[in-house]
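Below are the chains, spelled out letter by letter.
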Amino acid sequence: MQQQINREPALASKPRNRLANSQALAPYLFVLPFIISFLLFFAYPLINAIIMSFQSVLPGEVTFVGLDNYRELWNTDFADALYNSSRYTLFTLVLLIPVPLLLAVMLNSKKMPFSNFFRSTLFIPALTSVVVAGVVFRMIFGELDGALMNSFLHLFGISSQRWLYSSELSMFALLVLASWRWIGINILYFLSALQNIPSDLYEAADIDGAGTRTKFMRITVPLLKPITVYVLTISIYGGYAMFTESYMLWAGKPSPQNIGLTIVGYIYQQGFQYFNLGFGSAIGITLLGITLVVSMLQLILTGMFKKEE
Amino acid sequence: METAPRKKFTASSLLLLVLFTILAVLMLFPLYALFLASLKPASELFRYGLNVRLDFDLMSLDNYRSIFAGKGEAGHYFQWYSNSVIITVLFTVLSLLLSSMVGYGLGMYRFKGRSLIFTLVLVVMMIPVEIILLPLYKLTVSLKLINSVWGIILPFMVAPLPIFFFRQFALGLPKDFMDAGRIDGCTEIGIFFRIMVPLMAPAYGAITILQAMNSWNNFLWPLIVLRTTDKFTLPIGLASFVTPLGSNYEALISGAVLAILPILVLFLFFQRYFIEGLTVGGVKG
């Protein structure tokens, strides 16, 4: 580093633009957009959110209220939102990590015909906006007898359901929607990691007489750990940040008995429908706490697995 | 080793083929159902719900005509379309340019504060932006960016995921090219644009899809920033057709079909880069 800087003036015969030419300054110039954006649009609002969460913010009137906003969180709406978001997150993790992993392994197998075609096709749902997906799934899970899910149930002699009026059934609808949009994306993540596993590992295992299952458990799964941790992280994030899906399923109105209320939905309701900015920020900061705790837990757990290996 | 699997090939291949065909049909089914519904009158939907009955006597392009005629609520549809196009193009171009610069800076140079900045990128990536929604909204108001294109674009233009992606990609770029450029008297910025940008083409391909998709489909932030109907983007406009009082199904369904098209075309164009790029730059942990 030091040497390079010293060598620089000798090589650059014409020091026209010293600033842009300086190797010491150049990296800072490159990362400058992030620093500005981070300070202005992330750090500043985050600090502001913490401050606001201790305030009562009404138009033209800001008062310090201490922990009042946090005390107010002790209510059934927030409990419902927390329960729904946590349940949704947990189910998406259980569904959207093992299934795409298995499918990716199959797609990556040499025996798989038209592999490229299928990975593109399975990705197509991810291209649609949640708004469009919400419109379609709202109709698929419609309560009329002719609606798709209900006519499917009729095949098995089950009567029509009012999907969006029960906590369990609507959670099922949300999970179907999530699986539809996310399976293809997660498959691509796992595929990209699978293709980085050196094939001689499998060849060596073949020589040792390892079966398909042993190879999967002993080679594939451990080597996919970094990507699995990554997918786990973004799934936790996505699960707790879910809003649009339930907003669309219930057409922008409150769901019956809060069955579709999520934490972000609660922030949106308090902040932009009731203009309760202080309380809304307290919900946000609580969500921050939850995501931090969950991420920490996840890092500790996955780190422990590492030690065992 | 090469002789035995020959026979197994066909049987398990067939099984995989059947499994994935079923899966692909299931995945495309909702889109097919939507397309079919867009060809049928709304009364059919109200009576039976979304179904897959093929009734050619009922089917027509009337729903699409109602959008193009721009009657009533559908009158803004193509304005929303052009708003979405403008925002998506601006957002994608700026985000690609800036994120690749940052990612390249982090991946190619060793400098003081490098690991701190990279850690901050990861922090931004891991904390849901929804947490700072309210103060970000207040900031947007005080910057007078409410109800504007820039209000939507600026806060999320320098995105952590593309930065991370470009950084991973830049780690694999040949450092010798940098020195070669320097000897030829190229500036650092010049090296980036003339030598490195072309080398990062696969990464640009992958991120183009990703960012265009995110921008085209973005809902929550535009819902907050945009105030007047003429400024709406497509998702916000479409969602405004769905109201508790009843929905404008003709415009909603045909509008939804037309809203998927551009991003689908873009994907079909870039899919090779997308899949390749994800693989090359892929998250290696």
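Residues numbered from 1 in each chain as written. Chains lettered and ligands numbered in written order. Predicted model: local features only at pLDDT ≥ 70, side-chain atom pairs only at ≥ 80, totals over all residues. Heavy atoms only, no water.

A few words on the overall build of chain B. Along its length, chain B carries 14 helices and 2 strands. C-alpha extents for chain B along the principal axes are approximately 70 × 70 × 35 Å. Across the 285 residues that make up chain B, the buried fraction comes to 54%. For chain B, contacts bridging at least 24 residues in sequence account for 72% of all contacts bridging at least 6. Accessible surface for chain B amounts to roughly 12,800 Å². Of this, 69% is attributable to carbon and sulfur atoms. For chain B, the centre of its 21 positive side-chain charges and the centre of its 14 negative side-chain charges are spaced 8 Å apart. (Helix = DSSP H or I, 4+ residues; strand = E, 2+ residues; numbered from the N terminus. Buried < 20%, exposed > 50% of the residue type's maximum accessible area, 1.4 Å probe, protein only. Contact = heavy atoms within 4.5 Å. Areas by Shrake-Rupley, 256 points an atom, 1.4 Å probe, with all protein chains shown as cover. Lys, Arg positive; Asp, Glu negative; His and termini not counted. Charge placed at Lys NZ, Arg CZ, Asp CG, Glu CD.)

The subject of this paragraph is the overall build of chain A. When helices and strands are counted, chain A shows 16 helices and 2 strands. Against the globule reference of 19 Å for 309 residues, chain A gives a C-alpha radius of gyration of 25 Å, more extended than a compact globule. Taken across its 309 residues, chain A has 51% of its residues classed as buried. Expressed as a percentage of contacts within chain A between residues at least 6 apart in sequence, the contacts between residues at least 24 apart total 65%. Of the accessible surface of chain A, which amounts to about 15,100 Å², a share of 66% is contributed by carbon and sulfur atoms. Across chain A, the centroid of the 19 positively charged side chains sits 11 Å from that of the 16 negatively charged ones. (Rg over C-alpha atoms; globule rule 2.2 N^0.38 Å.)

Below, the discussion takes up the side chain of S246(A). All names here are of chain A. Considering the arrangement of structural elements, one finds S246 in helix α14 (residues 244-249). Accessibility expressed as a relative area gives 8% for S246, which makes it buried. Ignoring anything within four residues of it in the chain, the contact list for S246 reads L174, G260 and T262.

Opposite the 101 residues of chain B that make contact, chain A presents 94 residues. Of the roughly 9,000 Å² buried at the junction of chain B and chain A (both faces included), carbon and sulfur atoms supply 81%. Area buried by chain B at its contact with chain A is led by F20(B), M27(B) and L134(B), which between them contribute 8% of it. Counting across the chain B and chain A interface gives 0 salt bridges. Summed over the shared surface of chain B and chain A, the number is 5 residue pairs in polar contact (both at pLDDT 80 or more). Ranked by the residues each element gives to the side of chain B that touches chain A, the list is headed by helix α1 (residues 5-38) of chain B, at 19 residues. Classifying every residue of the side of chain B that touches chain A gives 77 nonpolar, 14 polar and 10 charged. (Buried area = accessible area lost by both parts, 1.4 Å probe. Salt bridge = Lys/Arg side-chain N within 4 Å of Asp/Glu carboxyl O. Polar contact = N/O pair within 3.5 Å; in protein donor to acceptor, adjacent residues only side chain to side chain. Nonpolar A, V, L, I, M, F, W, Y, C, P; charged D, E, K, R; others polar.)

What follows is about the confidence of the model for chain B. All names here are of chain B. Summary statistics for chain B give a mean pLDDT of 86 and a share of 90% for residues scoring 70 or more. Taken element by element, chain B is modelled with least confidence in strand β2 (residues 246-247), mean pLDDT 64, and with most confidence in helix α7 (residues 149-153), mean pLDDT 96. Under a pLDDT of 50 for its full length, residues 1-7 has, in the predicted model, 1 contact with residues more than four places off or in other chains. Counting contacts from residues 281-285, a segment whose pLDDT is below 50, to residues more than four positions away or on other chains yields 14 contacts. Here the prediction assigns the complex a pTM of 0.87, and the interface score ipTM is 0.87. (pLDDT = per-residue confidence, 0-100.)

Here we take up the nonpolar core. The biggest cluster of nonpolar side chains holds 183 residues, and the ones touching the most others in it are F34(A), F123(A), L50(B), Y77(B), Y104(B), L106(B) and L238(B). It is helix α10 (residues 167-194) of chain A that contributes the most residues to this core, 16 residues altogether. (Core = buried A, V, L, I, M, F, W, Y, C linked by side-chain atoms within 4.5 Å.)

Residues and elements named next belong to chain A. Taken together, the side chains of F152, L155, F156 and I158 define a hydrophobic patch exposed on the protein surface, amounting to about 450 Å² of accessible area. Mapped onto the secondary structure, L155 falls in helix α9 (residues 148-155). L155 gets classed as exposed once you look at its relative accessible area, which sits at 67%. (Patch = residues over 30% accessible without salt bridge, like charges linked within 9 Å, V, L, I, M, F, W, Y side chains within 5 Å.)

Along the chain, Y104(B) turns up in helix α4 (residues 77-108). Not counting the four nearest positions on each side in its chain, Y104(B) is found in contact with F30(A), Y109(B), A170(B), L173(B), M178(B), I191(B), F192(B), M196(B) and M200(B).

Under the definition given, this model contains 40 aromatic pairs over all chains. Arranged with centres 5.6 Å apart and planes meeting at 40°, the rings of Y268(A) and F272(A) form a pair that is tilted. Here F272(A) and Y268(A) lie together in helix α15 (residues 263-273), a separation of 4 residues that amounts to about one turn. A residue is classified by how much of its surface remains accessible, and Y268(A), at 11% relative accessible area, is buried. The buried category is assigned to F272(A), whose relative accessible area is 12%. Here the aromatic rings of Y81(B) and W216(B) are separated by 5.6 Å at their centres, their planes lie at 75°, and the arrangement is edge-to-face. (Phe/Tyr/Trp six-rings, centres within 6.5 Å; stacked < 30°, edge-to-face > 60°.)

This part takes up the environment of G209(A). The topology assignment puts G209(A) in the loop between α11 (199-207) and α12 (212-223). For G209(A) and M52(A), which are 157 residues apart along the polypeptide, the C-alpha to C-alpha distance reads 63 Å.

This next bit is on the confidence of the model for chain A. Looking at chain A, pLDDT values average 86 and 91% of them are 70 or higher. This model gives residues 1-15 of chain A a pLDDT under 50, and the stretch forms 7 contacts once residues within four places in sequence are excluded.

Residues and elements named next belong to chain A. On strand β1 (residues 55-58), burial follows the alternation: Q55 and V57 on one face are buried, whereas S56 and L58 on the facing-out side are not. Bridge analysis of β1 against strand β2 (residues 61-64) gives 4 bridges, and the strand direction is antiparallel. Across the sheet, the residue bridging to V57 is V62, located in β2. The antiparallel pairing of β1 with β2 creates a hairpin that spans 2 residues between the two strands, and G60 there sits at a positive phi of about 75°. (Pairing = 2+ DSSP bridges.)

We now examine helix α8 (residues 130-140) of chain A. Residues spaced three or four apart along an α-helix point in a common direction, a consequence of the helix completing one turn every 3.6 residues. Burial within α8(A) is extensive, with 10 of its 11 residues counted as buried. For α8(A), the set of buried residues is V130(A), V131(A), V132(A), A133(A), G134(A), V135(A), V136(A), F137(A), M139(A) and I140(A).

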